[in-house]
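So you can see what is in the structure, the chains are spelled out below.
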Amino acid sequence: MSIYLALTVASLKMYFRNKQALFWALFFPLLIMIIFGIMNFDKFNSPNVGVYDAANNQASAALIQALKGNGEQKLLSVSVDELEAVHYELEFGSSRAVIEIPANYGIPGEFAEIKVTYDERFQQERAVVSTILGQVTDAVFKEAAQVPTEYRVENAIGISESVIEGQGQGFKAWLIPGIAAMAIMQTGLFTVVFTLVRFKSQGVLRRLKATPIGASHFLAGQLTTKAIIVVLQTYVLVIVGAIVLGVSVGNGRLGAWFDLTILALLGGALFIALGLAVSGWAKNEETAAPIANIITMPMMFLSGVFFPLSVMPDWLTRWSQFLPLTYLADGMRAITVEGASIATLGTELLGLGIWIVIAFVIATKMFRWE
Amino acid sequence: MTTVIDPVIVAKDLHKKYDEITAVNGISFEVRAGEVFGMLGPNGAGKTTTVEILEGMRDADSGEAIINGINVKDDPRAIKAMIGVQLQQNAFFDNLKLSEIVDLYAKLYLAKVDPVEILSRVGLDKRKNSKYAELSGGQKQRLSIAVALVNDPVVLFLDEPTTGLDPQARRQVWALIRKIQANGSTIMLTTHYMEEAEELCDRIAVVENGEIIVLDTPDALIDQLLETGFKPEKRIRGATLDDVFLNLTGHDLRDS
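From a predicted model like this one, the values you see are computed outputs, not experimental measurements.

S.K.: I keep staring at the pattern of salt bridges and nothing clicks. Help me out?
M.R.: Counted under the stated rule, the structure contains 16 salt bridges over all chains. A:Glu161 is the partner of A:Arg126 in a salt bridge, and the nearest nitrogen-oxygen pair spans 3.3 Å. In this pair, A:Arg126 is assigned in helix H5 (residues 123-146) and A:Glu161 in strand S5 (residues 156-164), connecting sequence segments 35 residues apart. Where B:Asp103 meets B:Lys107, a salt bridge forms, and the shortest distance between an N and an O atom there is 3.1 Å. Taken together, the residues B:Asp103 and B:Lys107, both in helix H3 (residues 98-108) and four residues apart, mark about one turn of the helix. Given a relative accessible area of 27%, B:Asp103 falls into the partly exposed group. Three or more residues joined by partner-sharing salt bridges are found here, namely A:Lys13, A:Arg17 and B:Glu100.

S.K.: How should I be thinking about the interface of chain B and chain A in this particular structure?
M.R.: Quite often, the size of an interface is put as the accessible area lost when its parts meet. The partner chain A presents 25 residues to the 28 residues of chain B that form the contact. The residue B:Asp94 makes a salt bridge to A:Arg198 at a minimum N-O spacing of 2.8 Å. Remark: the boundary between chain B and chain A carries nine residue pairs in polar contact (both at pLDDT 80 or more). Its residues assigned to classes, the side of chain B that touches chain A shows 15 nonpolar, four polar and nine charged.

S.K.: Explain the environment of A:Ala343 to me, please; I cannot follow it from the model alone.
M.R.: Residues and elements named next belong to chain A. Tracing the chain through its elements places Ala 343 in the loop between helix H12 (324-336) and helix H13 (346-366). Relative accessible area serves as the criterion here: at 71%, Ala 343 is assigned to the exposed category. Sequence separation of Ala 343 and Asp 259 is 84 residues, and the distance between their C-alpha atoms is 8.9 Å.

S.K.: Help me understand the packing of helix H9 (residues 255-281) of chain A against H12(A), please; the structure alone is not making it clear to me.
M.R.: Helix packing for two helices is described by the angle between their axes and how far apart those axes are. Residue and element names in this part refer to chain A. At a minimum axis separation of 10 Å, H9 and H12 run at an interaxial angle of 170 degrees. When the interaxial angle is binned, H9 and H12 end up roughly antiparallel. Between H9 and H12, the residues in contact are Ala 256, Asp 259, Leu 260, Leu 263, Gly 267, Leu 270 and Phe 271 and Pro 324, Leu 325, Leu 328, Gly 331, Met 332, Ile 335 and Thr 336, respectively. In the contact of H9 with H12, the residues fall into 10 nonpolar, three polar and one charged.

S.K.: Help me understand the domain arrangement of chain A, please; the structure alone is not making it clear to me.
M.R.: Residues and elements named next belong to chain A. Split into domains, chain A comes out as domain 1 (2-39 + 170-366) and domain 2 (45-164). Taking the mean C-alpha position of each, domain 1 and domain 2 sit 40 Å from one another. Listed per partner, the contact involves nine residues of domain 1 and eight residues of domain 2. Summing the contributions of domain 1 and of domain 2, the shared interface buries around 680 Å²; its carbon and sulfur component is 44%. Sorting the residues of domain 1 by area buried against domain 2 places Gly 170, Ser 310 and Glu 338 first, and these three jointly supply 56% of that buried surface. Across the contact surface, domain 1 and domain 2 share zero salt bridges. Its residues placed into classes, the side of domain 1 that touches domain 2 shows five nonpolar, three polar and one charged.

S.K.: Looking at this structure, I do not really get a nonpolar patch on the surface. What am I missing?
M.R.: All names here are of chain A. Residues Phe 23, Trp 24, Phe 27, Phe 28, Leu 31, Ile 35 and Met 39 make up a contiguous nonpolar surface patch of roughly 660 Å² in combined accessible area. Take Phe 28: it is sitting in helix H2 (residues 19-39). Residue classification places Phe 28 among the partly exposed residues on the basis of a relative accessible area of 41%.

So, how was this worked out
- Residues numbered from 1 in each chain as written.
- Chains lettered and ligands numbered in written order.
- Predicted model: local features only at pLDDT ≥ 70, side-chain atom pairs only at ≥ 80, totals over all residues.
- Heavy atoms only, no water.
- Salt bridge = Lys/Arg side-chain N within 4 Å of Asp/Glu carboxyl O.
- Helix = DSSP H or I, 4+ residues; strand = E, 2+ residues; numbered from the N terminus.
- Buried < 20%, exposed > 50% of the residue type's maximum accessible area, 1.4 Å probe, protein only.
- Contact = heavy atoms within 4.5 Å.
- Polar contact = N/O pair within 3.5 Å; in protein donor to acceptor, adjacent residues only side chain to side chain.
- Nonpolar A, V, L, I, M, F, W, Y, C, P; charged D, E, K, R; others polar.
- Axes fitted to C-alpha atoms, helices over the stretch in contact; angles between N-to-C directions.
- Parallel < 35°, antiparallel > 145°, perpendicular 65-115°, else oblique.
- Domains from an automatic or database assignment.
- Buried area = accessible area lost by both parts, 1.4 Å probe.
- Patch = residues over 30% accessible without salt bridge, like charges linked within 9 Å, V, L, I, M, F, W, Y side chains within 5 Å.
- Areas by Shrake-Rupley, 256 points an atom, 1.4 Å probe, with all protein chains shown as cover.

Structure, rendered in structure tokens:
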């Protein structure tokens, strides 16, 4: 125990004395956060729309398909779900409108009234959704008009609009937890890889091997140190991000910080273990850097850190939803943006758990002292 | 200190192969308590591999290595806990002060020591607040020896302790090794400098291609050579260029 403590204290001292590493660990993610926050990418995305399909028939399926747009041109990012779920998403800012297709939609002779609810704070998105919905229903109507009279479906479509003021805070609030998750990945993987590979190539690890301590002592000390750093970094990024971009964290729920800590530790453990695996395998910094980049770079873009997964093609998100960073970013976002409690994040916790086991198995197989 | 069993080191017919290369090919010797035992030979002769087998860092393919009565293979951790090692290429955490490095290593051996006292034994007490990266080559080597002393070892292994050092730094390390021996420690060192072996070692083993080709005291080896009628090529002048250099640049510690 005292050996473990001595190693942990020593490596903490070493980390905090390395002012440059400290600067980049915080400066880089903050910079990205602020730049993206200012650019406000909300404008460039096709708005997320939640659809509740009470009719669930051929006509309503055609309407939903029309809202999504054809293969060439994507109109709206549509997700179909239960009424409660789509309203929750609107309320907490992950979608911009709810479209309710009534049960009598597409039934001949009936007047189907489509209800649309908008978040009034997003007028631009409201205009986009309203226009697209108008055009699409118009087109459906015209198509029906061209059908020979004997097959004509007599129905009428009406649209009623209402607004709510959601609690969601838009892209800025959405961005912060993703960047914090990315920073956990970067710090976990890169600080471990670079310190260990340097220690290995310099012969520091060889000298440690000549002492009676086991590998486990040394690795435990390293893990603890990096875990502490990862948690502190998450606090700093979320707090500074929230202040600079003017958003609230976890809807003001104090427990959100506890939940964030748990997620940061899980994510930290996962990426630190991956870092151990890479540094076990790599002989020097030259080989370690590309491997670490190959692991982190795709995840940066495929895990919904900068842009929502909904803007990506379905064949890609089918795979990228299983990436470790996706689980971490989604979990942290649910806590900070939607005010969810960690107890409700079953999928994310299970995903992270499985990845942690995988990473540790690889790490113990790969780690070498020289 | 643990009771010292004489001989402190027993190596019996050690063999070690790396893929195709035979690094150690049947090496046997004993090191007595309190002596400085030198292993000489060119680079790649098998010195370091032999030493690393004794230190519990590498497993021998066959043969026995016994330190202070314990077979290294049976309990490498116990061996590591009671020996002191200075490896050929070792380094320490570069963002720690010297006193912190000594303190950390003492804790790894569960030894209670005063880091400054240990540093003063190698003449680095004044630099206790310096970082490892700021030290000169000779100072790094002396720190490395200081770290090897934290557990009051029954035997000290020094693998090429002066390779790459300038003449002054080398002489400082020699003086340090003699001081450690005078305190009753047993030392096993490897070197490829003959004058170093002559200066420090009570007995030397010359290794070539993984085998010991001769083992005796330096004086006996020189006498045996002279008996064959050997004459050195150059006339002995009573001083060497080494002496000239040291005379010009000074013998004193240069710890700037």
